[in-house]
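Chain residues, written in single-letter form:
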Amino acid sequence: MVVLYAKCGEIADSTRIFDAIPRRTVVSWNALLNCYVQRDSFGEAVELFQDMIVSQTQPNEFTLSTMINACTGLEDGRQGRKIHGYLIKLGYDLDLFSANALVDMYAKSGYMVDARLVFNVIPEKDLIAWNAVISGHSHNGQGEEALKLYLEMQSQGIKPDAFVYSSLFNACASLSAYEQAKQVHVQVLKLGFIIDIFAGNSLVNSYAKCGSIDDAERAFREIPERSIVSWSAMIGGMAQHGHGRLALQMFNEMLKEGVAPNHITLVSVLCACNHAGLVTDAKRYFSSMEELFSVQPMEEHYACMIDILGRAGKLDEAMELVNTMPYEANAAVWGALLGAARIHKNVDLGSKAAEMLINLEPEKSGTHILLANIYASAGMWDGVAKIRKVMKDSNVKKEPGMSWMEIKDKVHTFIVGDRSHPRGKEIYAKLEELSEPLRKAGYVPMVETDLHDVEEREKAKLLYHHSEKLAVAFGLIATPPGAPIRVKKNLRICLDCHTAIKLVSKIASREIIVRDINRFHHFRDGLCSCGDYW
């Protein structure tokens, strides 16, 4: 009767019948536990299991298998460890089914060390086991490990499926590993897989995040039945690459095909407006999203809109939206306002936004650096000195800028003034070779943006040896003439590097693609896809 009522959707009646059973056996507990898990009531299942233990009813294998599923649904590795402990304590053999379930539970909970421990003791791993552990590493930002496991899986003679490839595409996206993404894509084609919607969406996302929006669009067009996830990935990718108007065209194409946007799609639409400086369009979409698409604006939409207004210099409007929105302003909102204050040299707004951000995220050095830049651009050197002192007293360390690029399956990493690269002499010689053409093209080092307490000549030297410039110089000597140069940066690209790389793209007749922490910059013929609006 417990099961009967549950299958009829009457869980309250199931519980009432269960409570009326005078002497409950493990079968009684299992019946209700399974009902809760089948209905995704995972929290209630955990509470019931704890009651079961208090009642001194010993769980059996079915109980523990059900509870592993509950912990997977909750992504609760801490509770999952307890269930795992019961399996060991009660002497149950870890069969393939239970082991795979444990790997999946630990992976989805972010407990990858535990997931690997269980995975490693499985004597004959099947596709499900490999899938769970590769997906876990990919999902938890450990893309390199996911790719290594894929190679190991191939050596074991296990044939991958679409889910494995979807995880690998996501791994390549997290690493921004374009060459690896292409290799995985080739493997899919060689094996004769028809890219399903799940893997297709991951492929679109992977190419977009690896810096090739053209490949992403080709993959998007090949998906037979595009879902809202497909459209959102493509619109978001175009926005990140600075193709704001194309992203909006694609959004309109999606609407014509009868696909309704969700809140993620509309965040991408607002981002597209933001990166292209389309303030009027952004206002129209933001004000009508609830009426036209039945999507209530959430914190992310407000943060995007505030950023759009701030970047466009409409600081009063931005602050009015902050004061009237139905959410407490979070770090994203204050970060947008701090960025706007830097662009428009508004010291008062910058100070207020920085104060709020430091309270919310005291450990992040970027806030202090941006505020110091605002003070420096306004000639307020006392303010710069004060920020330096605060950072020193609070032991806040500036995150070092780092750039890297991938050539022939090897990643080359650079930091400012770095001379450790095997081809270091050639890199610096290339920079020296470029200095005169850059000067003739109008490049003047923006020494006011450098906060080091040194002479201007030394500042100019430090700027010229920023990690982005070193990576670009390496790209020029290490790749064939005419080949695109793809650079990744862990921070926002600085104004001086942005200006210099625009000129280098024209001088060297190269497309240079830089992915910084916010977006992609496509430099070509002396111009950038962001339109100098980032």
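Residues numbered from 1 in each chain as written. Predicted model: local features only at pLDDT ≥ 70, side-chain atom pairs only at ≥ 80, totals over all residues. Heavy atoms only, no water.

Draft legend 1. A look at the overall build of the protein chain. A count of helices and strands for the protein chain gives 28 helices and six strands. For the protein chain, the C-alpha atoms occupy an extent of roughly 90 × 55 × 55 Å along the three principal directions. For the protein chain, with 534 residues in total, the buried portion stands at 50%. Across the protein chain, the fraction of contacts at a sequence separation of at least 24, relative to all contacts at a separation of at least 6, is 62%. For the protein chain, the accessible area works out to roughly 26400 Å², and carbon and sulfur atoms hold 53% of it. If you average the places of the 58 positive and of the 65 negative side-chain charges in the protein chain, the two averages end up 6 Å apart. (Helix = DSSP H or I, 4+ residues; strand = E, 2+ residues; numbered from the N terminus. Buried < 20%, exposed > 50% of the residue type's maximum accessible area, 1.4 Å probe, protein only. Contact = heavy atoms within 4.5 Å. Areas by Shrake-Rupley, 256 points an atom, 1.4 Å probe, with all protein chains shown as cover. Lys, Arg positive; Asp, Glu negative; His and termini not counted. Charge placed at Lys NZ, Arg CZ, Asp CG, Glu CD.)

Draft legend 2. Inspection of the sheet that holds strand β3 (residues 485-489) at higher detail. Here six strands make up an open sheet; going across it, the order is β2-β1-β3-β4-β5-β6 and the pairing mixed. At either margin of the open sheet sits one strand with a lone partner, and together these are β2 (410-415) and β6 (527-528). Where β3 and strand β4 (residues 512-515) come together, four bridges link them in parallel fashion. Bridge pairing in β4 places K488 opposite R515. (Pairing = 2+ DSSP bridges.)

Draft legend 3. Inspection of the pairing of β3 at higher detail. For β3, a buried count of five out of five residues is recorded, marking the element as mostly surrounded by other parts of the structure. Covered by surrounding structure in β3 are I485, V487 and K489 together with R486 and K488, the residues of both alternating faces. Two strands pair when backbone bridges link them, and strand β1 (residues 402-407) and β3 are joined in this way by two bridges, in the antiparallel orientation. Across the sheet, S403 pairs through a bridge with K489, a residue of β3.

Draft legend 4. Local environment of helix α5 (residues 61-74). Over its 14 residues, α5 extends 20 Å from the first C-alpha to the last, a length consistent with the 20 Å expected when each residue adds 1.5 Å. Among the residues making up α5, those that are buried are T63, L64, T66, M67, I68, A70, C71 and T72. Regarding α5, its N-cap is N60, as a side-chain oxygen of that residue lies 3.1 Å from the backbone nitrogen of F62 further along. Following α5 by one or two positions, E75 adopts a phi angle in the positive range, close to 55 degrees. (Expected span 1.5 Å × (residues − 1). Polar contact = N/O pair within 3.5 Å; in protein donor to acceptor, adjacent residues only side chain to side chain.)

Draft legend 5. How the structure looks around unusual backbone geometry. Residues other than glycine seldom take positive phi values, yet S294 does so here, at roughly 55 degrees. Relative to the helices and strands, S294 resides in the loop between α18 (279-293) and α19 (299-311). The backbone of D525 shows a phi angle near 55 degrees, a positive value even though the residue is not glycine. With respect to the helices and strands, D525 occurs in the loop between β5 (520-524) and β6.

Draft legend 6. Representation of the pattern of salt bridges within the structure. Summed over the entire model, instances satisfying the criterion amount to 18 salt bridges. A salt bridge links E257 to R226; its shortest N-O distance comes to 3.8 Å. Remark: R226 occurs in the loop between α14 (213-222) and α15 (228-240) and E257 occurs in the loop between α16 (244-256) and α17 (263-276); sequence separation between them is 31 residues. Look at E257 and you get partly exposed, because its relative accessible area is 47%. Accessibility expressed as a relative area gives 22% for R226, which makes it partly exposed. With its nearest N and O atoms 2.5 Å apart, the salt bridge here joins R439 to E436. Here R439 pairs with E436, and both are found in helix α25 (residues 424-440), just three residues apart, close to one helical turn. By relative accessible area, which is 35% here, E436 ends up partly exposed. Each of E217, R221 and E253 takes part in salt bridges that share partners, so that together they form one network. (Salt bridge = Lys/Arg side-chain N within 4 Å of Asp/Glu carboxyl O.)

Draft legend 7. Focus on the pairing of β4. On the question of chirality, the crossover connecting β3 to the parallel β4 by way of helix α28 (residues 495-507) is right-handed. Bridge count between β4 and β5: four bridges; the pairing is antiparallel. The residue bridging I512 from the neighbouring strand is F523, located in β5. Taken together, β4 and the strand that follows it, β5, pair antiparallel across an intervening segment of four residues. (Right-handed = clockwise from strand over helix to strand, strands pointing away.)

Draft legend 8. Layout of the side chain of H521. Considering the arrangement of structural elements, one finds H521 in strand β5. Separated by 3.3 Å, the side chains of H521 and D516 make a polar contact.

Draft legend 9. Quick look at the environment of S41. With respect to the secondary-structure elements, S41 resides in the loop between α3 (26-38) and α4 (42-54). Assessed through its relative accessible area of 17%, S41 is described here as buried. Linking S41 and W130, residues 89 residues apart in sequence, is a C-alpha distance of 28 Å.

Draft legend 10. Highlighting the packing of α3 against α4. The geometry of α3 relative to α4 is characterised by a closest axis approach of 8 Å and an angle of 165 degrees between their N-to-C directions. Judged on the interaxial angle alone, α4 and α3 are roughly antiparallel. Pair α3 / α4 crosses with left-handed handedness. Contacts from V26, W29, L32, L33, Y36 and V37 in α3 reach F42, E44, A45, L48, F49, D51 and M52 in α4. (Axes fitted to C-alpha atoms, helices over the stretch in contact; angles between N-to-C directions. Parallel < 35°, antiparallel > 145°, perpendicular 65-115°, else oblique. Left-handed = near helix turned anticlockwise from the far one by under 90°.)

Draft legend 11. The packing of helix α13 (residues 197-209) against α14, seen in detail. The contact between α13 and α14 brings their axes to 7 Å, and the two run at 170 degrees. Considered as vectors, α13 and α14 are oriented roughly antiparallel to each other. Here L203, V204, Y207 and A208 of α13 lie close against α14, whose contacting residues are I213, D215, A216, A219 and F220. When grouped by side-chain class, the residues that make up the contact of α13 with α14 number eight nonpolar, no polar and one charged. (Nonpolar A, V, L, I, M, F, W, Y, C, P; charged D, E, K, R; others polar.)

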